[in-house]
Amino acid sequence: MKKIKLFSIIVILSLLLTGCNNFKLATSIDDLISPISPSGDNAGVQNAVNEFCKSGYLIKIPAGGDYTTSYIFHNLDSDENDEAIAFYEPSDELGTASLAVLKKSDDKWSVVDNIKGEGSDVKSVDFCDVNGDGSEEILVCWSFISKSTTFKLSVYSLGQTGAGYKIKPISDSITAGEFVCADINEDNVSEVAVFNAGYSSVSPEAQLYSFKNNKKSLIGETKLDSTIISFKNITLGRTDEGISIYADALKSDGDSMLTEFIYWSDYYDSIVSPFYSYSTGRTADTTRNSLIDCKDIDGDKVIEIPLDTSVKNLPAQITAQNWVVYENTVLNHKCYSYSCKRDAYSLLIDDDDFSKLSVKYDNDKRKLSVISDKSKKECFCIVTMIKSAYNSNDGNLKNYTEISSNSGFVYLANVNSKADIRFTVDDLKKMIKPY
């Protein structure tokens, strides 16, 4: 009997270690019993890639950005149907990554063209019409060194050649840390804004490239804070200056960040960063200790930047922000908030109440208490629950009401109706901003 068991184990292991085209180690008993197989168009695309890569391959999934699936569906030629994008490492060219475009005809997917990439992995992919031909191009950030902050950004067009299709790179690649695509100079054709945290002898900088009529040209650039080590978040918004870019970046001390605010200037015929000082090499006005990204915090469709604001006796887990907005060449106050990094939320407080309240935080209970400075009584409290452990029928939570949630947490509130500064549950639902 022992020999039979040993033989069975050997057979199972041999089966696991063969068929290397899509090999992965099972991470649980469920994977062994019922492995998940793609269905629908995903299955059709996988079959087409299997047929195309007869010598074997490994699918490469973009590490970040808006598209992080094995197969990406997007309309590239402005017809009524999506094409499919697949990134893969061929078994006969290990250490490389390639891009394949697939089309569907008569309910069957097939690879119409492929091209070797400029790295071994894919950091991100996006789509944008940058040459003005009415169809979107493929923008790929290729990764070639592990844990690097610089990448190779390539722009590809999909063109029709007779009865077939051809993937063509538009010019050579660009060194990029992060990028965003938009019509920054408002000439009716989108540009590509590239952000670099510095590499070799190059200091942190932003560059704006045009690909109009399939010709790459550098049409604007500006220096950025010299202490930037990486970019955390890139956001687009509209201001008095037109389409503007908010680039949140981490600083070299590891405990602070800043926002580089950038827009197109007709006067300078370039992009500019108005809060960057060429004399100091710093962007001081938007630097802060709280590691919170800029965003439309109050739902008015305008991007706000969170700056530090001084509050006495704040708990270690809580930070206070003065959210500002760019108007008429300066940063103007918009609203205040308290934020809890551990529990991933900000709490907006009206200006009239901000100076009348203080906060406490119970680390064990994950409980934020907001207290009236006058009466010393609790106005309300917010308790954070891990979503997977939350039970709405828990008797200990009977006095609490759910006010919000995100992918990891549920936020519950209990209000004191007898407090001298009164809040309702509906107030708190509007005030809390998970992130």
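Up top is the structure.
These remarks concern the structure in this document. Only a predicted model underlies this, so the values are computations on that prediction, with no experimental measurement involved.

Observations regarding unusual backbone geometry
Thinking step 1. Phi at Asp-269 takes a positive value of approximately 50°, unusual for a residue other than glycine.
Thinking step 2. With phi around 60°, Asn-313 is a residue other than glycine that occupies positive phi space.
Thinking step 3. Inspection of the secondary structure assignment puts Asn-313 in the loop between β21 (305-308) and β22 (318-327).
Thinking step 4. Assessed through its relative accessible area of 74%, Asn-313 is described here as exposed.

Some details on the state of the cysteines
Thinking step 1. As enumerated under the stated definition, the model contains 1 disulfide in all.
Thinking step 2. Across the disulfide, Cys-128 is cross-linked to Cys-181 (sulfur-sulfur distance 2.2 Å). Its S-S torsion of about -70° marks the bond between Cys-128 and Cys-181 as left-handed, since a negative value means left-handed. With Cys-128 in strand β6 (residues 121-128) and Cys-181 in strand β11 (residues 178-182), this pair connects stretches of sequence that are 53 residues apart. In this structure, Cys-128 and Cys-181 share a single accessibility class: buried.
Thinking step 3. No disulfide involves Cys-379; its nearest neighbouring cysteine sulfur is the one of Cys-381, lying 11 Å away.

Focus: the packing of aromatic side chains
Thinking step 1. Scanning the model with the defined rule gives 18 aromatic pairs in all.
Thinking step 2. Centroid distance Phe-275 to Tyr-326: 6.1 Å. Interplanar angle 80°. Geometry classified as edge-to-face. A residue pair is termed long-range when its members are at least 10 positions apart, and Phe-275 in the loop between β18 (270-272) and β19 (276-277) and Tyr-326 in strand β22 qualify at 51 residues.
Thinking step 3. A relative accessible area of 12% places Phe-275 in the buried class.
Thinking step 4. Seen in terms of ring centroids, Tyr-336 and Phe-354 are 4.3 Å apart; in terms of plane orientation they differ by 10°. Their pairing is stacked. Of the two residues, Tyr-336 is situated in strand β23 (residues 330-340) and Phe-354 in helix α4 (residues 351-354); the sequence distance between them amounts to 18 residues.
Thinking step 5. A relative accessible area of 21% means that Tyr-336 is categorised as partly exposed.

Quick look at the nonpolar core
Thinking step 1. In terms of nonpolar packing, the biggest core is built from 27 residues, with Tyr-345, Leu-347, Phe-380, Ile-382, Tyr-411 and Phe-423 touching the most fellow members.
Thinking step 2. Broken down by secondary-structure element, the contributors of at least two residues to this core are β22, β23, β24 (345-349), β25 (357-362), β26 (367-372), β27 (378-386), β29 (409-415) and α5 (425-431).
Thinking step 3. In contact with Leu-347, other than residues within four places in its own chain, are Tyr-336, Ser-337, Tyr-338, Leu-368, Val-370, Phe-380, Ile-382, Met-431 and Ile-432.
Thinking step 4. Counting residues in hydrophobic clusters, the runner-up holds 19 residues, among them Val-180, Ile-228, Ile-243 and Ile-245.

Some words on helix α3 (residues 40-52)
Thinking step 1. Between its terminal C-alpha atoms α3 stretches 19 Å, which fits the 18 Å expected from 13 residues at 1.5 Å a residue.
Thinking step 2. Where α3 is buried, its residues contact β1 (57-59), β2 (71-74), β3 (83-90), β4 (98-105) and β5 (108-116).

Quick notes on the pattern of salt bridges
Thinking step 1. On inspection of all chains with the given rule, the structure shows 17 salt bridges.
Thinking step 2. With its nearest N and O atoms 3.2 Å apart, the salt bridge here joins Arg-238 to Glu-186. Of this pair, Arg-238 sits in strand β15 (residues 228-239) while Glu-186 sits in the loop between β11 and β12 (191-196), and the two are 52 residues apart along the sequence.
Thinking step 3. When salt bridges that share partners are traced, they join Asp-77, Asp-79, Glu-83 and Lys-103 into one network.

Thoughts on the sheet that holds β23
Thinking step 1. Strand order in the open sheet formed by 5 strands is β21-β22-β23-β24-β30, and the pairing between neighbours is antiparallel. The outermost strands of the open sheet, each flanked by one partner alone, are β21 and β30 (432-434). Neighbouring strand axes in the sheet, compared pairwise and without regard to direction, differ in orientation by 40° on average.
Thinking step 2. Where β21 meets β22, 4 bridges bridge the pair, whose relative direction is antiparallel. Within the sheet, the bridge partner assigned to Asp-308 lies in β22 and is Gln-321.

A closer look at the environment of Asn-196
Thinking step 1. Here Asn-196 lies in strand β12.
Thinking step 2. Once the C-alpha coordinates of Asn-196 and Cys-379 are considered, the two residues, 183 residues apart in sequence, prove to be 46 Å apart.
Thinking step 3. Excluding its chain neighbours within four sequence positions, the residues that come into contact with Asn-196 are Thr-150, Thr-175, Ala-176, Gly-177, Pro-204, Glu-205, Gln-207 and Phe-231.
Thinking step 4. Reaching out from Asn-196, the side chain makes a polar contact with the backbone nitrogen of Gly-177 at a distance of 3.0 Å.

Rules used in this analysis
- Residues numbered from 1 in each chain as written.
- Predicted model: local features only at pLDDT ≥ 70, side-chain atom pairs only at ≥ 80, totals over all residues.
- Heavy atoms only, no water.
- Helix = DSSP H or I, 4+ residues; strand = E, 2+ residues; numbered from the N terminus.
- Buried < 20%, exposed > 50% of the residue type's maximum accessible area, 1.4 Å probe, protein only.
- Disulfide = S-S within 2.5 Å.
- Phe/Tyr/Trp six-rings, centres within 6.5 Å; stacked < 30°, edge-to-face > 60°.
- Core = buried A, V, L, I, M, F, W, Y, C linked by side-chain atoms within 4.5 Å.
- Contact = heavy atoms within 4.5 Å.
- Expected span 1.5 Å × (residues − 1).
- Salt bridge = Lys/Arg side-chain N within 4 Å of Asp/Glu carboxyl O.
- Pairing = 2+ DSSP bridges.
- Axes fitted to C-alpha atoms, helices over the stretch in contact; angles between N-to-C directions.
- Polar contact = N/O pair within 3.5 Å; in protein donor to acceptor, adjacent residues only side chain to side chain.

The values are spatial; any link to function lies outside them.
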